[in-house]
Amino acid sequence: MMQAMAFFNVLEDHIHKNLACVAYRKPDENVIKAFLQKDKQSHKTTDFSESGFVFSDFCGSESLLIPKDQSDVISTEYEPEHSLKETLEYVPEITNSREQKKHEELVAKVIAEIKMGNMKKVVLARKEQSPSQLSALSIFKNLLQHYPKAFCYVWSHPESGLWIGATPETLVKVERNRFKTMALAGTQAYKGKIEDAAWTPKEVEEQKIVSDEIVQKLKDFKVASGVINLSDPYTVKAGNLLHIRTDISGTLENDNLSNLLESLHPTPAVCGFPREKAREFILGNEYSDREFYSGFLGEINLKQEVKRNSNRRNQENQAYASILKQSQIFVNLRCMKLVEGEAEIFIGGGITADSNPTAEWEETVNKSYTIKSVLVHQD
């Protein structure tokens, strides 16, 4: 394991050379891991059978891969230099009335489609441009500091550009033949106590749609063998926001990660329901290309040694160590693309029949503060 300063120097050099690389820290951990691709070849995957790190777009048409066997894999322990704040402050800019009008008109169009019975939910996204005072790695360090419970990453690739994010949402985790996923929806500001969260019927219904749709897709693709398990919905904190979450788990019918991803992505939390109609509406009506926003990213098919006895002195039990294959993939939310000193920030929100266009605009504005706050120097 490298010293943190050396780790970031190597990573910065790789980014500067425009070689494919990714550095990331999983939720509630203090180890940052990086895949540094050795050559300039562009690798992609279609069946997700390789071992490495994947970065896939919203449409599912492009899945970039940094293969483990063609990369240097390095890691470091990293503790933030400053104490955590409960929330980050960001001084709002003057509202862009033109963008607000466009977004509210599109929300109204979605509501009309839903009331006609064409869809039940559509997730609309938009993009904002914001100047950044900081380098990519400084932004990444700010995310590491302020979002310990998020999957924080910086990804650089000649074909996708430079992306940074801190996502609270797991798409799926697979160990051997067991999978775990989650249904996450509903958003409100965190005001000091999770237990004080009061959810409206609209938000509760929105989250239930997400949960029901995920379970149905798992059944449609015959991914699960036997019972699919669901937790009761509960409130979780992500940065300065709260969401409703349901945990979903089961046993894979086979070892086909591709089928599992196809059944889950895009979830109703980033697309809508019914999925095919919502995706068609999004691709035909949103004002900007989502690119890799609301796609997915993470480790696929990495081998990990698991020992049956943690007592290192017991050499006999070391013979019973087994190798298991793990994949841990996250939805690419709370992210930005850095382009020539500016951050392209992607934000979205779920629209249902009970949505209010102005309120939906304000929700995206509030979400934008979460990510904009890491673009400035932290005290």
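Residues numbered from 1 in each chain as written. Predicted model: local features only at pLDDT ≥ 70, side-chain atom pairs only at ≥ 80, totals over all residues. Heavy atoms only, no water.

The protein carries the name Isochorismate synthase in an unreviewed UniProt entry, which gives Zunongwangia profunda as its organism.

Q: I would appreciate a short explanation of the pairing of strand 4 (residues 63-67) in the present structure.
A: Look at any regular strand and the pattern is simple: side chains alternate between the two faces of the sheet. Of all five residues in strand 4, five are buried; the element is thus mostly enclosed. Pairing analysis gives five bridges linking strand 3 (residues 52-56) to strand 4, with the strands arranged antiparallel. By the bridge assignment for strand 4, serine 56 is matched with serine 63. The turn joining strand 3 and strand 4, which pair antiparallel and follow one another in sequence, is formed by six residues; a positive phi near 80° is taken by glycine 60. (Buried < 20%, exposed > 50% of the residue type's maximum accessible area, 1.4 Å probe, protein only. Helix = DSSP H or I, 4+ residues; strand = E, 2+ residues; numbered from the N terminus. Pairing = 2+ DSSP bridges.)

Q: Is there a simple way to explain the pattern of salt bridges in this structure?
A: Oppositely charged side chains can form a pair if their charged atoms are brought close together. Under the counting rule described, the total for this entry stands at 22 salt bridges. In this structure, lysine 173 engages glutamate 175 in a salt bridge whose closest nitrogen and oxygen atoms are separated by 3.8 Å. Since its relative accessible area comes to 31%, lysine 173 is described here as partly exposed. For lysine 337, the salt bridge identified is with glutamate 291, shortest N-O distance 2.8 Å. Separated by 46 residues along the polypeptide, lysine 337 in strand 17 (residues 335-339) and glutamate 291 in the loop between helix 6 (275-285) and strand 15 (296-306) bring together distant segments of the chain. Residue classification places lysine 337 among the buried positions, given a relative accessible area of 15%. When salt bridges with common partners are traced through the structure, they connect Lys121, Lys202, Glu206 and Glu360 into a single cluster. (Salt bridge = Lys/Arg side-chain N within 4 Å of Asp/Glu carboxyl O.)

Q: What should I look at first to understand unusual backbone geometry in this one?
A: In this chain, histidine 265 is followed by proline 266 through a cis amide linkage whose omega measures -10°. For proline 266, the location among the structural elements is in the loop between helix 5 (257-264) and strand 14 (272-273). Here the residue pair phenylalanine 273 and proline 274 is connected by a cis peptide bond, since its omega of -5° sits within 30 degrees of zero. Within the secondary structure, proline 274 sits in the loop between strand 14 and helix 6. Even without a glycine there, the phi angle at serine 294 is positive, about 65°. Despite not being glycine, asparagine 301 shows a phi value in the positive range, around 55°. Within the secondary structure layout, asparagine 301 lies in strand 15. Here asparagine 301 falls in the buried class, since its relative accessible area comes to 9%.

Q: When you look at the nonpolar core in this model, what are you seeing that I'm missing?
A: Across soluble globular proteins, nonpolar side chains have a tendency to be buried as a group. Formed by 49 residues in total, the largest nonpolar core has its most connected members in Tyr153, Trp155, Trp163, Phe179, Leu218 and Leu260. In contact with phenylalanine 179, other than residues within four places in its own chain, are Val172, Lys173, Val174, Leu218, Val223, Ala224, Ile248, Ser249, Gly250, Thr251, Leu252 and Leu260. Membership of the second largest hydrophobic core comes to 32 residues, among which are Leu36, Ile74, Tyr147 and Ile371. (Core = buried A, V, L, I, M, F, W, Y, C linked by side-chain atoms within 4.5 Å. Contact = heavy atoms within 4.5 Å.)

Q: Help me understand the sheet that holds strand 2 (residues 31-37), please; the structure alone is not making it clear to me.
A: Sheets are built from strands paired through backbone hydrogen bonds, the pairs being either parallel or antiparallel. Strand order in this open sheet of nine strands is 5-2-1-7-8-17-18-6-14, and the pairing throughout is antiparallel. Strand pairing shows two members of the sheet lacking a second neighbour, strand 5 (71-77) and strand 14, which therefore form its edges. Two elements, strand 7 (residues 151-157) and strand 8 (residues 161-167), share seven bridges in a ladder whose sense is antiparallel. Bridge pairing in strand 8 places valine 154 opposite isoleucine 164. Most of the contacts of helix 6 go to strand 6 (residues 121-131), to which it runs at about 35°, and overall it touches strand 6 and strand 14. Contacts between helix 8 (residues 357-372) and the sheet are confined to strand 6, strand 17 and strand 18 (342-351), with strand 18 contributing the most and set at about 140° to the helix. (Axes fitted to C-alpha atoms, helices over the stretch in contact; angles between N-to-C directions.)

Q: Can you help me understand the packing of aromatic side chains in this one?
A: Each aromatic ring pair is specified by the distance between its two centres and by the angle formed by the two planes. Throughout the structure, instances matching the rule amount to 17 aromatic pairs. Aromatic pair tyrosine 24 and phenylalanine 35: ring centres 6.3 Å apart, planes at 25°, arrangement stacked. Residue tyrosine 24 is located in strand 1 (residues 21-25), and its partner phenylalanine 35 is located in strand 2; the two are separated by 11 residues in the primary sequence. Per residue, the accessibility class of tyrosine 24 equals that of phenylalanine 35, and both read buried. (Phe/Tyr/Trp six-rings, centres within 6.5 Å; stacked < 30°, edge-to-face > 60°.)

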